Amino acid sequence: MTGTLFKANFWSSDILSTAGYDSIIQHLNNGRKNCKEFEDFLKERASIEEKYGKDLLNLSRKKPCGQLEINTLKQALEVFKKQVDSVAQCHIQLAQTLRDEARKMEEFREKQKLQRKKTELIMDAAHKQRSLQFKKTMDLFVKLATSKTAVEDSDKAYMMHINTLDKVREDWQIEHIKACEMFEAQECERINFFRNALWLHMNQLSQQCVTSDEMYEEVRKSLEACSIEKDIEYFVNQQKTGQTPPARIVYENFYCPQKNTAPQGKAPGPNLPRRGPLPVPKSLPDNPDYSLIDNYSLIYQ
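We now turn to the structure provided with this report. (Residues numbered from 1 in each chain as written. Predicted model: local features only at pLDDT ≥ 70, side-chain atom pairs only at ≥ 80, totals over all residues. Heavy atoms only, no water.)

Moving on to the overall build of the chain. Looking only at helices and strands, the chain features five helices and two strands. Along the chain, from the amino end to the carboxyl end, the secondary structure elements read α-α-α-α-β-β-α. Looking at the chain as a whole, 27% of its 301 residues are labelled buried. Taking the contacts inside the chain whose residues are at least 6 apart along the sequence as the reference set, 77% of them involve residues at least 24 apart. (Helix = DSSP H or I, 4+ residues; strand = E, 2+ residues; numbered from the N terminus. Buried < 20%, exposed > 50% of the residue type's maximum accessible area, 1.4 Å probe, protein only. Contact = heavy atoms within 4.5 Å.)

What follows covers the packing of helix H1 (residues 19-62) against helix H3 (residues 151-224). Orientation of H1 relative to H3, taken along the N-to-C sense of each, is 20 degrees, at an axis distance of 11 Å. Compared by their axis directions, H1 and H3 come out roughly parallel. Handedness of the crossing formed by H1 with H3: left-handed. (Axes fitted to C-alpha atoms, helices over the stretch in contact; angles between N-to-C directions. Parallel < 35°, antiparallel > 145°, perpendicular 65-115°, else oblique. Left-handed = near helix turned anticlockwise from the far one by under 90°.)

As a further point, take the pattern of salt bridges. For the structure on display, the rule yields 22 salt bridges. Ionic pairing is found between Glu 181 and Lys 7, a salt bridge with its closest N-O pair at 2.8 Å. Separated by 174 residues along the polypeptide, Glu 181 in helix H3 and Lys 7 in the segment before H1 bring together distant segments of the chain. Since its relative accessible area comes to 37%, Glu 181 is described here as partly exposed. Classification of Lys 7 by relative accessible area gives partly exposed; the value is 31%. A salt bridge links Arg 190 to Glu 187, with the nearest nitrogen and oxygen atoms 2.9 Å apart. (Salt bridge = Lys/Arg side-chain N within 4 Å of Asp/Glu carboxyl O.)

A word on the nonpolar core. Counting residues in each nonpolar core, the largest one holds 12 residues, listed as Cys 35, Phe 38, Leu 42, Ala 46, Leu 94, Ala 95, Leu 98, Ala 102, Met 105, Phe 194, Ala 197 and Leu 205. Where this core is concerned, the elements lending two or more residues are H1, helix H2 (71-146) and H3. Membership of the second largest hydrophobic core comes to 11 residues, among which are Phe 6, Tyr 21, Ala 179 and Cys 180. (Core = buried A, V, L, I, M, F, W, Y, C linked by side-chain atoms within 4.5 Å.)

Think of a pair of aromatic rings as described by two things: how far the centres are apart, and how the planes are tilted against each other in angle. Per the stated rule, a full pass over the model turns up six aromatic pairs. A centroid spacing of 5.2 Å and a plane angle of 40 degrees characterise the contact between Phe 38 and Phe 194, whose relative ring orientation is tilted. Of this pair, Phe 38 sits in helix H1 while Phe 194 sits in helix H3, and the two are 156 residues apart along the sequence. The exposure class of Phe 194 is buried, given its relative accessible area of 18%. Seen from the ring of Trp 172, Arg 130 lies directly overhead, with NZ or CZ sitting 4.5 Å from the centre. (Phe/Tyr/Trp six-rings, centres within 6.5 Å; stacked < 30°, edge-to-face > 60°. Lys NZ or Arg CZ within 6 Å of the ring centre and 35° of its normal.)

With that settled, the discussion passes to empty space enclosed by the protein. Applying the stated criterion to the full structure yields two cavities of 30 Å³ or more. Every residue lining the largest cavity is listed: Leu 28, Gly 31, Arg 32, Cys 35, Phe 108, Arg 109, Gln 112, Arg 116, Gln 186, Glu 187 and Arg 190. When contributions to the lining of the largest cavity are tallied by element, the ones reaching two or more residues are H1, H2 and H3. Empty space within the second largest cavity amounts to approximately 50 Å³. Lining the second largest cavity are Phe 10, Trp 11, Ser 12, Ser 17, Thr 18, Ala 19, Gly 20, Tyr 21, Trp 172 and His 176. For the lining of the second largest cavity, the elements supplying multiple residues, two or more each, are H1 and H3. Ranked by residues supplied to the lining of the second largest cavity, first place goes to H1 with three residues. Partitioned by chemical class, the residues of the lining of the second largest cavity number five nonpolar, five polar and no charged. (1 Å grid on protein atoms, 1.4 Å probe; cavity = no way out; pocket = protein on both sides within 12 Å on 5 of 7 lines; lining within 4 Å. Points joined across faces, edges and corners; volume = space filled by probe spheres on them. Nonpolar A, V, L, I, M, F, W, Y, C, P; charged D, E, K, R; others polar.)

Position of Glu 39 among the secondary structure elements: in helix H1. A distance of 2.9 Å separates the side chain of Glu 39 from the side chain of Arg 109, its partner in a polar contact. Setting aside anything within four residues of it in sequence, one finds Glu 39 in contact with Ala 102, Met 105, Glu 106 and Arg 109. (Polar contact = N/O pair within 3.5 Å; in protein donor to acceptor, adjacent residues only side chain to side chain.)

As a further point, take the environment of Trp 172. Structurally, Trp 172 is set in helix H3. The spatial distance from the C-alpha of Trp 172 to the C-alpha of Ala 126 is 5.6 Å, given a sequence separation of 46 residues. Trp 172 has contacts with Trp 11, Met 123, Ala 126, His 127 and Arg 130, leaving out every residue within four places of it along the chain.

Phi at Asn 71 takes a positive value of approximately 55 degrees, unusual for a residue other than glycine. Considering the arrangement of structural elements, one finds Asn 71 in helix H2. The class for Asn 71 is buried, based on a relative accessible area of 18%.

We now examine the environment of Gln 112. Within the secondary structure layout, Gln 112 lies in helix H2. In this structure, the C-alpha to C-alpha distance between Gln 112 and Glu 187, residues 75 residues apart in sequence, is 9.4 Å. Setting aside chain neighbours within four positions, we find Gln 112 in contact with Gln 186, Glu 189 and Arg 190.

Structure, rendered in structure tokens:
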């Protein structure tokens with residue numbers, strides 16, 4: 001395991017190099033960015049779930065769906081509308097759950113950011129001290145090479161700065177190891193947190209599917225109880241208007257004083273002898289309330 005640790009793999013032979021440290025910082029920044037992307041994904045998914053849930057709720061409560069149906073099919077439709085309403089509520093609840101998870105991810109990112117900030121400040125100071133001491137040491141080295149009159153004094157000062165620089169190097173190395181250990185622990189924590197958050201998200205979506213399917217199963221059960229025969233019988237019993245059809249229509253002879261009846265289309269044989277055309281009446285009756293048919297016997301006498 002030691003061969004793969006941060007503190008064993010991000011060094012450089014150049015005492016002024018920060019390549020290893022910069023590589024770790026870049027990776028941690030990428031990890032923080034990845035967490036932010038997942039956080040934004042959860043927020044966007046929450047908005048979609050909430051909108052879908054509210055739209056579904058409005059559809060269930062405001063849109064008629066077989067409201068004039070009767071009996072068992074009406075009951076099945078009522079169960080259907082109720083379960084659609086429940087599914088809508090589940091999506092709205094899921095939206096809130098996703099927002100809570102996004103908030104947890106945001107809090108986790110901010111916590112790691114504050115932890116890293118302290119370590120980065122220490123490392124920045126160590127890098128700055130190392131660079132300044134290296135510059136001082138190199139300046140003395142140049143003076144030593146060019147000043148032959150003060151070789152001994154310059155050599156002593158050079159040796160002193162070399163010792164100081166090596167002490168700075170040791171201090172920086174210790175801080176670098178601490179930083180690597182801290183950054184590696186943070187990265188392990190981030191990967192574990194991210195993995196668990198994604199796993200939890202999948203469980204939430206799976207549970208949503210299971211819950212929805214249970215609600216849909218209620219609709220299927222109610223449809224199994226739907227009886228075509230019972231619905232027809234229920235409609236007949238509720239809306240029937242009678243069981244007696246209209247009476248047979250018969251022909252009535254208005255020419256006869258005695259109004260004989262016979263089936264429609266079959267005129268009874270006349271009791272009077274056949275005669276010619278009826279004479280034009282000399283005058284109409286004065287009573288305007290007589291009907292034309294009832295006046296025949298008066299007009300043609």
